[in-house]
Amino acid sequence: MKFDTPAGQNPIDQLKVVGKPTARVDGKLKTSGTAPYAYERHDVVANQAYGHMLGSAIAKGRITRMDTSAAKAAPGVLAIVTALDTPKVAKGRFNTASLFGGPKVEHYHQAIAVVVAESFEQARAAAAMIRVTYVKQPGRYDLAALAKSAKLVSASSDEGTAPPEVLRVGKFESAFAAAPVTVDATYTTPDESHAMMEPHATIAAWNGDKLTVWTSAQMVAWARSDLARTLRIKPENVRIDSPFIGGGFGAKLFVRADAVLAALGAKAAGRPVKLALSRPQIANNTVHRPATIQRIRLGATRDGTLTAIAHESTSGNLPGGSPETAQSQTRLLYAGANRLFALRLAELDLPEGNAMRAPGEAPGLMALEIAMDELAEKLGMDPVQLRIVNDTQVDPEKPDRPFSSRQLVECLRTGADKFGWSKRNARPASVRDGRFLVGMGMAAGFRNNLVVRSAARVRLDKDGVVTVETDMTDIGTGSYTVIAQTAAETMGVGLDRVKVMLGDSDFPASSGSGGQWGGNNSTAGVYAACMKLREAVATQLGFDASRAVFADGRVIAGDRSAALADAARDVALIAEDHIEYGDLDKQYQQSTFAGHFVEVGVDRFTGVTRVRRMLAVCAAGRILNPTTARSQVIGAMSMGVGAALMEELAVDTKRGFFVNHDLAGYEVPVHADIPHQDVIFLDETDNKSSPMKAKGVGELGLCGVAAAVANAIYNATGVRVREYPITLEKHLEKLPAVT
Amino acid sequence: MKPFTYERAKSATDAAAAVARTPGARFIAGGTNLLDLMKLQIETPTHLVDVQDLGLDRIEPIDGGSGGLRIGAFVSNTTLAADERIRRDYGVLARALLAGASGQLRNKATTAGNLLQRTRCPYFYDTNQPCNKRAPGTGCSALTGYSRQLAVIGSSAACIATHPGDMAVAMRVLDATVETVKADGATRAVPIADFHRLPGTTPHVDTTLQAGELITAVTLPKPLGGTHIYHKVRDRASYAFALVSVAAVVQRDGSGRVAIGGIAHKPWRVEAAEQLLPRGAKAVARRLLAGAKPTRDNAFKVPLVERTLASVMADARGDA
């Protein structure tokens with residue numbers, strides 16, 4: 001099904017199942033501990049051995065010798081594969097550093113050996129017995145020190161031909177110089193770790209030259225092609241199975257060392273091998289959200305109209321790596337005639353930076369939305385009103401290109417009303433509640449909606465059960481449930497008549513989970529397949545498909561009616577289709593919007609900040625399932641609290657690694673940090689996004705939250721902090737004296 | 001984890017003897033710290049002597065009616081924090097315990113084990129990095145590395161690690177005593193002030209316990225009265241180690257005792273500083289932290305100690 005004109009009325013609009021608050025169809029499996037996660041799939045293949053990764057002990061240099069004699073002789077050891085004794089693996093299309101290093105070491109904890117043993121403990125103990133001799137080389141680890149020498153990279157998403165340059169609209173410098181009210185400030189965001197609950201884990205088994213991996217991958221098709229490329233085998237010889245994923249946040253978008261090492265270890269041992277990265281290995285072996293240094297300049301007239309906007313961001317990565325595109329949302333969020341955007345990238349020898357939930361927008365809004373708060377204060381203007389005044393309904397770089405739907409102003413107005421924003425005292429440090437300085441802050445939220453091809457296969461059997469098969473993944477988001485709702489709605493059956501099978505590369509390739517594109521695109525693909533199945537059903541029953549109504553397990557056309565199951569009485573009906581997109585995302589800018597409102601208390605003695613209440617108002621197209629969508633948003637709000645107050649991978653700039661590489665050192669919020677959270681979804685359908693008229697929501701909930709917290713802290717204390725996370729030492733000595 | 005042998009001792013003296021005669025042996029109680037360290041090969045005992053059957057799981061009045069309590073070494077943190085006598089007469093201890101770890105960990109963690117928990121310095125936890133506490137003579141990575149959590153006072157050129165616990169800080173302010181037994185049956189009573197060491201040139205030695213010496217109990221002297229406060233400052237609201245903590249017992253006349261956690265290799269108490277309590281937090285903090293040598297990363301702990309003391313004193317006055 002090609003989607004190239006705005007959607008008209010279609011079966012999804014019945015909203016008998018879609019759009020209804022619906023508990024997860026897989027909830028019972030998860031709450032009873034019977035959902036099969038990768039490392040626990042004891043039943044999929046017999047005789048599983050255990051693998052353990054050895055990571056490099058240095059950040060940069062060469063391995064000259066690996067002595068495995070003691071490890072080989074250790075109890076239970078079946079096989080050892082080292083970087084020096086195996087042909088070099090290829091680099092995947094999506095990887096910057098090799099997933100199996102050596103002799104060159106590109107970063108700390110880069111995989112350099114895998115040990116396979118009868119037990120997990122034996123494999124781990126033997127890995128520690130491998131003696132590695134390194135020649136260290138000096139590395140580059142300090143982004144702040146290297147920022148000045150960072151090179152310009154393209155700040156436009158129109159990639160390809162043009163050389164990197166500063167992106168300009170109008171004349172920024174003269175407009176900024178002429179503006180009566182300006183902000184010019186630099187903000188920093190730290191390296192962050194995904195810290196998902198389930199570590200990277202894989203079971204790998206070979207059958208001749210065919211490889212099966214049971215793993216935890218957000219993008220099954222990418223995992224298949226990149227694992228094949230890395231191992232130099234044919235993609236058709238690789239099967240990926242990833243039905244349940246214990247969180248990813250982008251860390252599992254691409255194949256990681258667990259899959260590569262399990263496959264290499266299984267080959268060497270001649271047995272299936274299971275391997276999980278241990279928690280202390282994850283921060284440095286895998287990927288993280290890169291730190292940024294962002295300079296923002298805003299110029300406005302006295303009535304608050306933005307006349308000049310500049311957003312420049314510097315980040316670092318391994319040679320060949322990508323920048324963090326922290327300027328991206330600023331190109332689209334506010335009007336303003338004169339604009340300048342630049343991205344700079346420094347080469348670092350730290351582990352690979354890559355996508356983490358809302359890459360670009362999340363750190364970008366952390367800076368931009370403080371800058372807007374600073375501008376509002378200089379203008380003596382309400383921060384909500386400043387954003388409303390500068391709303392745009394068109395792409396500011398291409399004024400003839402409207403947004404497909406954009407209710408930012410409604411999000412902000414609704415949020416201000418429901419949160420009691422009018423009670424906020426605009427004068428900082430003027431509200432106290434016992435030991436706490438109390439403040440309110442807000443920020444706009446913005447995240448693009450991406451359209452991606454997505455396929456599915458659906459089968460109707462003689463019992464009237466509709467089975468959906470797609471390689472779509474459920475990373476905790478609720479994919480099983482919204483896909484089941486889509487199939488039930490389209491085929492006119494109840495949820496109890498739908499079975500959803502996900503995450504297997506033998507199934508049609510879906511959008512996968514990432515970039516908040518999974519919900520809208522994967523359900524659109526299922527809708528396309530179901531519409532094809534409806535045709536097959538109608539043909540089988542001798543009905544006119546265009547007039548047939550599918551409802552209550554029956555098919556009705558005119559005065560004729562039949563049970564849906566009758567169509568499959570003799571043989572199951574199978575239909576496969578995909579959604580693919582025309583250029584509606586070029587004609588229209590497709591984005592999602594939010595207003596975030598936060599109240600904090602800052603301990604006037606110790607400077608510790610605790611969030612007191614939070615509200616998000618979201619406009620993100622049709623909400624397919626308000627229950628799972630709300631869970632997405634409150635989880636993202638919690639992540640935003642972490643980004644604002646505590647999350648930071650601490651860099652040892654001398655030795656070149658993230659020091660706090662476990663969950664004791666890298667703190668994420670616990671229940672006690674998260675107060676009551678409210679989420680409001682505005683009633684919206686977007687007929688340019690897909691037949692579902694939905695958009696993404698899973699990342700929107702994060703975008704802007706940290707800045708709202710930061711602005712609330714400023715309102716509480718009167719001390720502006722521009723370096724995240726806002727831990728107590730960032731403002732302690734500027735707080736009012738205590739005795 | 002390296003292979004090890006295991007036994008369950010039947011008496012305290014037997015346990016001490018078993019550890020004393022077996023090179024590389026360690027006691028194990030709740031195991032909440034030791035097992036983690038064994039998995040990472042930071043601790044590599046060859047033999048474990050389990051002390052759960054020694055009958056050290058009671059909280060009893062001290063003989064002679066002095067008004068104090070004897071806390072068995074194996075009493076869990078949960079049990080201790082919930083004990084009516086502790087809650088009534090030693091509130092600072094109950095509060096410190098409940099500020100530590102998580103409910104699950106407190107159920108397993110014991111009184112003696114809590115005293116013996118090892119530092120949480122991230123370099124101690126990473127066996128690729130030099131660390132004088134883990135591998136004597138290799139150097140201190142933290143001194144030139146990331147040190148936000150680490151010590152500001154009492155540290156040395158060899159080590160800037162902190163004692164990470166909360167319970168010991170409260171015990172320090174209460175002047176608890178650690179009771180031990182050795183393989184030959186000899187017993188000792190070590191004042192808590194002398195139990196944890198400063199790192200000096202031998203940071204791998206955390207305490208003044210001798211080889212094979214087993215903690216059997218911690219005793220608390222008679223109740224002090226006053227207002228008991230434990231204020232733990234941390235980035236997140238629960239399940240985090242202290243940046244700074246203050247254990248305090250403040251009397252109605254404004255006199256009292258304070259001990260500080262999170263800033264040194266041992267709970268930090270300077271009795272002379274307490275004399276200055278009536279003069280306010282600044283005076284106390286200045287005396288407490290005389291000679292402090294913070295790093296760039298943890299210099300904030302110096303003003304934080306003062307402000308946390310001010311908070312505790314305001315709480316004691318009832319006007320925070």
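Residues numbered from 1 in each chain as written. Chains lettered and ligands numbered in written order. Predicted model: local features only at pLDDT ≥ 70, side-chain atom pairs only at ≥ 80, totals over all residues. Heavy atoms only, no water.

1. Thoughts on the overall build of chain B
Consideration 1: Across its full length, chain B holds 11 helices and 11 strands.
Consideration 2: Rg of the C-alpha trace for chain B: 19 Å, near the compact-globule value of 20 Å for 320 residues, within the 12% margin.
Consideration 3: If you line up chain B on its principal axes, its C-alpha atoms span 55 × 50 × 30 Å.
Consideration 4: Burial status across chain B gives 57% buried among its 320 residues. (Helix = DSSP H or I, 4+ residues; strand = E, 2+ residues; numbered from the N terminus. Rg over C-alpha atoms; globule rule 2.2 N^0.38 Å. Buried < 20%, exposed > 50% of the residue type's maximum accessible area, 1.4 Å probe, protein only.)

2. A closer look at the sheet that holds strand 21 (residues 436-448) of chain A
All names here are of chain A.
Consideration 1: If you walk across this open sheet you meet the five strands as 20-21-29-30-33, and the pairing is mixed. Edge strands, defined here as strands with exactly one partner in the open sheet, are strand 20 (432-433) and strand 33 (676-681).
Consideration 2: As judged from the two bridges shared by strand 20 and strand 21, these two strands associate in the antiparallel manner. Bridge pairing in strand 21 links Arg432 to Leu437.
Consideration 3: Together, strand 30 (609-619) and strand 33 form the strand contacts of helix 16 (residues 626-645), whose direction differs from that of strand 33 by roughly 130 degrees.
Consideration 4: Against the sheet, helix 17 (residues 705-717) touches strand 21, strand 29 (591-603) and strand 30, its axis set at about 155 degrees to strand 21. (Pairing = 2+ DSSP bridges. Contact = heavy atoms within 4.5 Å. Axes fitted to C-alpha atoms, helices over the stretch in contact; angles between N-to-C directions.)

3. Brief notes about the interface of chain B and chain A
Consideration 1: Contacts between the two partners involve 38 residues from chain B and, on the opposite side, 43 residues from chain A.
Consideration 2: With both chains or domains summed, chain B and chain A bury close to 3200 Å², and 54% of this area falls on carbon and sulfur atoms.
Consideration 3: Looking at the side of chain B facing chain A, the largest losses of area belong to B:Asp235, B:Arg236 and B:Arg307, adding up to 23% of the total buried there.
Consideration 4: The interface formed by chain B and chain A contains two salt bridges.
Consideration 5: As a salt-bridge pair, A:Arg435 and B:Asp315 come within 3.4 Å of each other at their nearest N and O atoms.
Consideration 6: At the boundary of chain B and chain A, one finds 19 residue pairs in polar contact (both at pLDDT 80 or more).
Consideration 7: Counting only elements with at least two residues in the side of chain B that touches chain A, the list comes to strand 9 (227-233) and helix 11 (301-317) of chain B.
Consideration 8: At nine residues, the largest contribution of residues to the side of chain B that touches chain A is made by helix 11 of chain B. (Buried area = accessible area lost by both parts, 1.4 Å probe. Salt bridge = Lys/Arg side-chain N within 4 Å of Asp/Glu carboxyl O. Polar contact = N/O pair within 3.5 Å; in protein donor to acceptor, adjacent residues only side chain to side chain.)

4. Considerations on the packing of aromatic side chains
Residues and elements named next belong to chain A.
Consideration 1: Tallied over the full model, the rule gives 15 aromatic pairs over all chains.
Consideration 2: Both rings, one in Phe172 and one in Phe176, keep their centres 5.3 Å apart while their planes meet at 20 degrees; by these two values the pair is stacked. Linking Phe172 with Phe176, this pair stays in helix 5 (residues 172-178), spanning four residues, or about one helical turn. Grouping residues by exposure puts Phe172 and Phe176 together as buried.
Consideration 3: Look at Phe419 and Phe597: their rings are 5.9 Å apart centre to centre, the planes differ by 35 degrees, and that puts the pair in the tilted class. Taken together, the residues span a long stretch of sequence, with Phe419 in helix 12 (residues 408-419) and Phe597 in strand 29 at a distance of 178 residues. Neither Phe419 nor Phe597 differs from the other in exposure class; each is buried.
Consideration 4: Taking NZ or CZ as reference, Arg613 lies 3.8 Å from the ring centre of Phe419, over its face.
Consideration 5: The lysine or arginine in question, Lys688, covers the ring of Tyr588, its NZ or CZ lying 4.9 Å from the ring centre. (Phe/Tyr/Trp six-rings, centres within 6.5 Å; stacked < 30°, edge-to-face > 60°. Lys NZ or Arg CZ within 6 Å of the ring centre and 35° of its normal.)

5. Some words on the confidence of the model for chain B
Consideration 1: Of the residues in chain B, 100% reach a pLDDT of 70 or more, and the chain-wide mean stands at 97.
Consideration 2: Predicted as a complex, the structure gets a pTM of 0.98 and an ipTM equal to 0.97. (pLDDT = per-residue confidence, 0-100.)

6. Topic: the side chain of B:Thr111
Consideration 1: For B:Thr111, the position within the fold is in helix 7 (residues 111-115).
Consideration 2: Apart from residues lying up to four places away in sequence, B:Thr111 is in contact with B:Ile71, B:Gly72, B:Ala73, B:Val75, B:Asn77, B:Leu80, B:Met167, B:Met171 and B:Val218.

7. With respect to the domain arrangement of chain A
Residue and element names in this part refer to chain A.
Consideration 1: One can read the domain layout of chain A as domain 1 (2-35 + 451-582) and domain 2 (402-449 + 590-739).
Consideration 2: For domain 1 versus domain 2, the separation of C-alpha centres amounts to 35 Å.
Consideration 3: Listed as interface residues are 32 residues of domain 1 and, on the opposing side, 28 residues of domain 2.
Consideration 4: Of the roughly 2200 Å² buried between domain 1 and domain 2, counting both surfaces, carbon and sulfur atoms make up 55%.
Consideration 5: Ranking the residues of domain 1 by area buried against domain 2 places Phe3, Gln516 and Asn520 at the top, with a combined share of 30%.
Consideration 6: Inspection of the region where domain 1 meets domain 2 yields two salt bridges.
Consideration 7: Of the charged contacts in the structure, one is a salt bridge between Asp13 and Arg622, with a shortest N-O distance of 2.7 Å. (Domains from an automatic or database assignment.)

8. Topic: the pairing of strand 15 (residues 292-300) of chain A
Residues and elements named next belong to chain A.
Consideration 1: With respect to burial, strand 15 is a largely interior element, seven of its nine residues being buried.
Consideration 2: Bridge count between strand 10 (residues 181-189) and strand 15: nine bridges; the pairing is antiparallel. Pairing of Tyr187 across the sheet is with Gln294, part of strand 15.
Consideration 3: The sheet contact formed by strand 15 and strand 16 (residues 306-317) spans nine bridges and is antiparallel. Bridge pairing in strand 16 places Gly299 opposite Ala308.
Consideration 4: Between strand 15 and strand 16, which pair antiparallel in sequence order, lie five residues; one of them, Gly304, sits at a positive phi of approximately 95 degrees.

9. Things to note about the environment of A:Ala90
Consideration 1: Structurally, A:Ala90 is set in the loop between strand 4 (77-82) and strand 5 (104-105).
Consideration 2: With sequence-adjacent residues up to four places away left out, A:Ala90 is seen in contact with A:Arg229, A:Thr230 and A:Arg232.

10. What about the pattern of salt bridges?
Should the charged atoms of two oppositely charged side chains come close, the side chains can pair.
Consideration 1: Inspection of every chain in the model, using the stated rule, returns 62 salt bridges over all chains.
Consideration 2: The shortest N-O distance in the salt bridge between A:Arg239 and A:Asp241 comes to 3.9 Å.
Consideration 3: Note that B:Asp175 is salt-bridged to B:Arg269, the shortest N-O span being 2.9 Å. Residue B:Asp175 is found in the loop between helix 8 (167-173) and strand 6 (177-181), and its partner B:Arg269 is found in the loop between strand 11 (256-261) and helix 9 (271-274); the two are separated by 94 residues along the sequence.

11. Considering a positive patch on the surface
Residue and element names in this part refer to chain A.
Consideration 1: On the surface, a cluster of positive charge is contributed by Arg62, Lys88, Lys91, Lys104 and Arg232.
Consideration 2: Considering the arrangement of structural elements, one finds Lys91 in the loop between strand 4 and strand 5.
Consideration 3: The class for Lys91 is partly exposed, based on a relative accessible area of 43%. (Patch = residues over 30% accessible without salt bridge, like charges linked within 9 Å, V, L, I, M, F, W, Y side chains within 5 Å. Areas by Shrake-Rupley, 256 points an atom, 1.4 Å probe, with all protein chains shown as cover. Lys, Arg positive; Asp, Glu negative; His and termini not counted. Charge placed at Lys NZ, Arg CZ, Asp CG, Glu CD.)

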